Amino acid sequence: MRVTLRDLSYHMDFGCYDKDSGEVECYLEIHCDTGTSCAITIQMPNPDSVGCIERFATLMSFLLVIITFPFSLFECFKVVQEFERAVIFRLGRLRKGGARGPGLFFVLPCIDTYRKVDLRTVSFDVPPQEVLTRDSVTVAVDAVVYYRIKEPLNAVVRVADYSASTRLLAATTLRNVLGMRDLAQLLSDREAISHMMQASLDEATDPWGVEVERVEIKDVRLPVQLQRAMAAEAEADREARAKIIAAEGEIKASRALKEASLVMIDNPMALQLRYLQSLNTISAEKNSTIIFPFPMDFLKTFIGGPGPSHAQPPIQHL
């Protein structure tokens with residue numbers, strides 16, 4: 001077959017032959033008069049597993065590529081990015097060789113369809129879930145989940161929508177895991193709960209080709225009445241600890257004062273030095289206050305009461 005286009009002559013050779021493995025291989029060779037040439041080879045599955053209609057549709061699609069060449073190349077060659085993979089179906093059958101990409105791949109028009117799968121890590125927020133803990137406390141908990149596709153074929157073939165399925169499963173798993181914990185454990189052991197959720201989600205989504213990388217609990221919202229009760233309990237606990245600390249301080253201060261008084265008894269000059277130190281402290285804070293030392297010995301006369309000369313004689317009873 002000879003085709004002339006834009007004053008250039010092309011020689012096209014097309015044919016099919018059976019291979020020893022039972023597959024049918026079709027080829028297209030294009031030779032230019034200038035000496036350049038290119039070839040396209042397409043392998044068809046075993047004819048025993050492919051019906052006559054499917055074989056005929058494949059041949060017709062291949063002929064359509066030849067007739068519309070070179071414009072058909074724009075529809076036959078597809079490109080996927082480094083972070084993507086393409087899963088190709090031919091007449092509803094999954095093509096052999098696994099997912100294609102990254103780079104360039106070939107599809108036949110009308111009979112081949114493909115679906116791109118993103119391999120990058122995806123994150124989503126789990127909506128706030130009303131959870132009843134093991135100690136019968138209702139809390140609202142939300143979380144964030146990070147996952148990625150590790151098997152593109154399973155993500156396309158085994159589940160209709162892996163993204164929506166993972167989201168629903170994450171919400172259900174969050175309620176189930178938190179329902180087995182007390183409120184105190186929920187507030188203190190968030191990391192352990194996150195690891196438990198990750199392991200449960202990863203095990204459930206593994207047949208779908210989805211790998212759950214990380215689960216984090218964002219917020220735990222308690223009822224308003226419970227928040228007030230916990231705040232009152234915490235305040236009472238802090239006040240009790242403050243009183244205990246103040247009492248312990250008083251005990252230590254009294255012991256220190258007792259030891260100081262014993263030292264002052266042994267050395268009377270220590271009392272005078274303590275008096276001068278107090279006077280220096282008071283004068284630094286209140287300059288208008290004047291303190292005069294007054295010996296306590298002068299007050300012994302007034303403290304002891306009247307002497308024997310002033311005592312009244314006893315009354316004698318007849």
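Small disclaimer: the values here were computed from a predicted structure and weren't measured.

What to know about the overall build of the protein
Here comes step 1: What the protein contains, in helices and strands, is nine helices and 12 strands.
Here comes step 2: Out of the 318 residues in the protein, the part that is buried amounts to 25%.
Here comes step 3: Restricting to contacts in the protein with at least 6 residues of sequence separation, those with at least 24 account for 56%.
Here comes step 4: Of the roughly 21,900 Å² that the protein leaves accessible, carbon and sulfur atoms contribute 57%.

Details of the side chain of aspartate 142
Here comes step 1: In this structure, aspartate 142 sits in strand β11 (residues 138-149).
Here comes step 2: For aspartate 142, which is buried and forms no salt bridge, the nearest opposite charge comes from arginine 221, at a distance of 4.0 Å.
Here comes step 3: One polar contact links the side chain of aspartate 142 to the main-chain amide nitrogen of aspartate 219, over a distance of 3.1 Å.
Here comes step 4: Look past the residues within four positions of aspartate 142 in its chain and what remains in contact with it is Val126, Pro127, Pro128, Ile217, Lys218, Asp219 and Arg221.

Things to note about a nonpolar patch on the surface
Here comes step 1: On the surface, a nonpolar cluster with roughly 420 Å² of combined accessible area is contributed by Phe56, Met60, Leu63 and Ile67.
Here comes step 2: Along the polypeptide, methionine 60 turns up in helix α1 (residues 52-67).
Here comes step 3: Judged by relative accessible area, which is 41%, methionine 60 ranks as partly exposed.

What about the packing of aromatic side chains?
Here comes step 1: Going through the model one piece at a time under the given rule, you end up with three aromatic pairs.
Here comes step 2: Aromatic pair phenylalanine 77 and phenylalanine 106: ring centres 5.2 Å apart, planes at 65°, arrangement edge-to-face. Of this pair, phenylalanine 77 sits in strand β5 (residues 77-80) while phenylalanine 106 sits in strand β8 (residues 103-106), placing them 29 residues apart in sequence.
Here comes step 3: Taking the relative accessible area as the measure of exposure, phenylalanine 77 reaches 32% and is therefore partly exposed.
Here comes step 4: Summarising the aromatic geometry, the rings of phenylalanine 124 and tyrosine 147 are spaced 5.8 Å apart at their centres and angled 65° between planes, so their arrangement reads as edge-to-face. With phenylalanine 124 in strand β10 (residues 122-132) and tyrosine 147 in strand β11, this residue pair connects regions lying 23 residues apart in the sequence. For the pair formed by phenylalanine 124 and tyrosine 147, the shared burial category is buried.
Here comes step 5: Stacked on the ring of phenylalanine 83, the Lys or Arg arginine 120 has its end atom at 3.9 Å from the ring centre.

Focus: unusual backbone geometry
Here comes step 1: Glycine 101 connects to proline 102 through a cis peptide bond whose omega is 0°.
Here comes step 2: Topologically, proline 102 is positioned in the loop between β7 (93-94) and β8.
Here comes step 3: You will see that cysteine 110, though not glycine, has its phi angle at about 75°, which is positive.
Here comes step 4: With respect to the helices and strands, the residue cysteine 110 is situated in the loop between β8 and β9 (112-118).

As for the pattern of salt bridges
Here comes step 1: Enumeration over the complete set of coordinates arrives at 11 salt bridges.
Here comes step 2: For the salt bridge of aspartate 112 with arginine 90, the shortest nitrogen-to-oxygen distance reads 2.8 Å. Note that aspartate 112 is positioned in strand β9 and arginine 90 in strand β6 (residues 84-90), a separation of 22 residues in sequence.
Here comes step 3: Judged by relative accessible area, aspartate 112 falls into the buried class, the value being 10%.
Here comes step 4: For aspartate 237, the salt bridge goes to arginine 241, with nearest N and O atoms at 2.8 Å.

Topic: the pairing of β11
Here comes step 1: Summarising burial for β11: nine of the 12 residues are buried, a large majority.
Here comes step 2: Here β10 pairs with β11 via nine bridges, running antiparallel. Among the inter-strand pairings, valine 131 is bridged to a residue of β11, identified as valine 139.
Here comes step 3: Pairing geometry for β11 and strand β12 (residues 210-221), over 10 bridges, is antiparallel. Within β12, the position partnered with valine 141 by the bridge is valine 220.

Some words on the nonpolar core
Here comes step 1: Val126, Val139, Val141, Val145, Tyr162 and Leu178 are the most contacted members of the largest nonpolar core, which has 33 residues in total.
Here comes step 2: Within the residue set of this core, elements represented by two or more residues are β6, β10, β11, α3 (152-157), α4 (162-178), α5 (183-188), α6 (190-205) and β12.
Here comes step 3: What tyrosine 162 contacts, discounting residues up to four positions off in sequence, is Arg115, Val117, Tyr147, Ile149, Ala155 and Val210.
Here comes step 4: Phe62, Cys76, Phe106 and Ile111 belong to the second-largest nonpolar core, a separate cluster that totals seven residues.

Focus: the environment of arginine 90
Here comes step 1: Note on arginine 90: relative accessible area 9%, which makes it buried.
Here comes step 2: Sequence-wise, arginine 90 and threonine 113 are 23 residues apart; in three dimensions their C-alpha atoms are separated by 6.5 Å.
Here comes step 3: Here the side chain of arginine 90 touches aspartate 112 through a polar contact of 2.8 Å, side chain to side chain.

About the thresholds
- Residues numbered from 1 in each chain as written.
- Predicted model: local features only at pLDDT ≥ 70, side-chain atom pairs only at ≥ 80, totals over all residues.
- Heavy atoms only, no water.
- Helix = DSSP H or I, 4+ residues; strand = E, 2+ residues; numbered from the N terminus.
- Buried < 20%, exposed > 50% of the residue type's maximum accessible area, 1.4 Å probe, protein only.
- Contact = heavy atoms within 4.5 Å.
- Areas by Shrake-Rupley, 256 points an atom, 1.4 Å probe, with all protein chains shown as cover.
- Lys, Arg positive; Asp, Glu negative; His and termini not counted.
- Salt bridge = Lys/Arg side-chain N within 4 Å of Asp/Glu carboxyl O.
- Polar contact = N/O pair within 3.5 Å; in protein donor to acceptor, adjacent residues only side chain to side chain.
- Patch = residues over 30% accessible without salt bridge, like charges linked within 9 Å, V, L, I, M, F, W, Y side chains within 5 Å.
- Phe/Tyr/Trp six-rings, centres within 6.5 Å; stacked < 30°, edge-to-face > 60°.
- Lys NZ or Arg CZ within 6 Å of the ring centre and 35° of its normal.
- Pairing = 2+ DSSP bridges.
- Core = buried A, V, L, I, M, F, W, Y, C linked by side-chain atoms within 4.5 Å.

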